[in-house]
Amino acid sequence: MNLRLILIVAAAATGFLVAGCGTSGNFRNDAEHKALLETLRQCLVAIPVSGQKNRDFTSPCVGKDVSSLNGISRGRLSDALGPPRFCISATDTSFPDKETCPSTLNPIWSFYRLADPMSMGGGPELVCVADGGMKCTTLEWRRSK
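What counts as what
- Residues numbered from 1 in each chain as written.
- Predicted model: local features only at pLDDT ≥ 70, side-chain atom pairs only at ≥ 80, totals over all residues.
- Heavy atoms only, no water.
- Disulfide = S-S within 2.5 Å.
- Helix = DSSP H or I, 4+ residues; strand = E, 2+ residues; numbered from the N terminus.
- Buried < 20%, exposed > 50% of the residue type's maximum accessible area, 1.4 Å probe, protein only.
- Salt bridge = Lys/Arg side-chain N within 4 Å of Asp/Glu carboxyl O.
- Axes fitted to C-alpha atoms, helices over the stretch in contact; angles between N-to-C directions.
- Parallel < 35°, antiparallel > 145°, perpendicular 65-115°, else oblique.
- Contact = heavy atoms within 4.5 Å.
- Nonpolar A, V, L, I, M, F, W, Y, C, P; charged D, E, K, R; others polar.
- Pairing = 2+ DSSP bridges.
- Expected span 1.5 Å × (residues − 1).
- Arc of directions from axis to C-beta.
- Phe/Tyr/Trp six-rings, centres within 6.5 Å; stacked < 30°, edge-to-face > 60°.

A. Structural context of the state of the cysteines. According to the stated counting rule, one finds three disulfides in the structure shown. In this model, Cys-43 is linked to Cys-61 through a disulfide, with the two sulfur atoms separated by 2.0 Å. Since a negative S-S torsion denotes a left-handed disulfide, the Cys-43-Cys-61 link at about 70 degrees is right-handed. In this pair, Cys-43 sits in helix H2 (residues 31-45) while Cys-61 sits in the loop between strand S1 (57-58) and helix H3 (74-81), placing the two residues 18 residues apart along the sequence. There is no split in this pair, since Cys-43 and Cys-61 are both buried. At a sulfur-sulfur separation of 2.1 Å, the disulfide partner of Cys-87 is Cys-101. Looking down the S-S bond of the Cys-87 and Cys-101 bridge, the torsion is -85 degrees, so its handedness is left-handed. One end of the pair, Cys-87, is in strand S2 (residues 86-88); the other, Cys-101, is in the loop between strand S3 (93-94) and strand S4 (106-110), with 14 residues separating them in the sequence. Residue Cys-101 is classed as buried on the basis of its relative accessible area of 5%.

B. Molecular detail of the pattern of salt bridges. Enumeration over the complete set of coordinates arrives at one salt bridge. Residues Arg-142 and Glu-140 are paired through a salt bridge, measuring 2.9 Å at the closest nitrogen-oxygen approach. Relative accessible area serves as the criterion here: at 28%, Glu-140 is assigned to the partly exposed category.

C. Spatial organisation of the packing of H2 against H3. Two elements in contact, H2 and H3, have axes whose closest approach is 8 Å; the angle formed by their N-to-C orientations is 50 degrees. With respect to their mutual orientation, H2 and H3 come out oblique. Counting all contacts with H2, which are made through Lys-34, Leu-37, Leu-40, Arg-41 and Leu-44, the residues of H3 involved are Arg-76, Leu-77, Ala-80 and Leu-81. For the contact of H2 with H3, the class distribution of residues is six nonpolar, no polar and three charged.

D. Spotlight on the sheet that holds S4. If you trace the five strands from one edge of the open sheet to the other, you get S3-S2-S4-S6-S7, paired in antiparallel fashion. Taken across any chain shown, the strands that pair with only one partner, and hence form the sheet edges, are S3 and strand S7 (138-143). Running over the sheet, H3 touches S4, strand S6 (124-129) and S7 and is turned about 20 degrees from S4.

E. Highlighting H2. A rise of 1.5 Å per residue sets the reference length of H2, with its 15 residues, at 21 Å; its end C-alpha atoms lie 21 Å apart and thus fit the reference within 8%. Listed in full, the buried residues belonging to H2 are His-33, Leu-36, Leu-37, Leu-40, Cys-43 and Leu-44. The buried residues of H2 occupy an angular sector of 120 degrees when the element is viewed end-on, so they sit on one face. Facing away from the buried surface of H2 by more than 90 degrees, the exposed residues are Ala-31 and Val-45.

F. Local environment of the packing of aromatic side chains. By the definition in use, this model includes two aromatic pairs. Centroid distance Phe-86 to Phe-95: 5.0 Å. Interplanar angle 80 degrees. Geometry classified as edge-to-face. Look at Phe-95 and you get exposed, because its relative accessible area is 62%. When the centroid spacing of 5.0 Å and the interplanar angle of 80 degrees are considered together, the rings of Phe-111 and Trp-141 count as edge-to-face. In this pair, Phe-111 sits in the loop between S4 and strand S5 (112-113) while Trp-141 sits in strand S7, placing the two residues 30 residues apart along the sequence. The exposure class assigned to Phe-111 is buried, which follows from its relative accessible area of 0%. Residue Trp-141 is classed as partly exposed on the basis of its relative accessible area, which comes to 22%.

In structure tokens, the structure reads:
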């Protein structure tokens with residue numbers, strides 16, 4: 001009986017530890033993460049305001065491993081990258097209101113510029129998947145359509 005109780009307590013403790021570690025993310029406010037955020041910011045700043053004739057532009061930051069930023073707060077990410085360009089969820093889209101997305105929508109930063117502003121299509125975007133929370137559960141690259 002005592003062994004069974006010990007096993008139950010051990011299993012419960014392991015479950016709490018796994019759940020706690022899984023939700024906190026990887027983000028730490030250290031030099032490595034600050035450097036990654038600064039690199040991403042510089043890539044956004046380097047995107048031309050208007051496209052060159054017949055030339056699309058895609059940032060060299062696209063594809064950079066950003067998984068270490070999982071768990072960063074939406075506010076900290078916006079402080080580092082500037083206001084998001086767009087807001088999305090599975091069922092809704094909008095432009096940011098007062099330089100931020102509503103908590104029900106995930107913020108997006110575009111890392112591309114199309115040569116023709118009238119062209120349809122898109123490019124690589126950095127998405128903070130927060131699912132209604134204040135922290136980015138994941139930060140991931142997606143291609144807009």
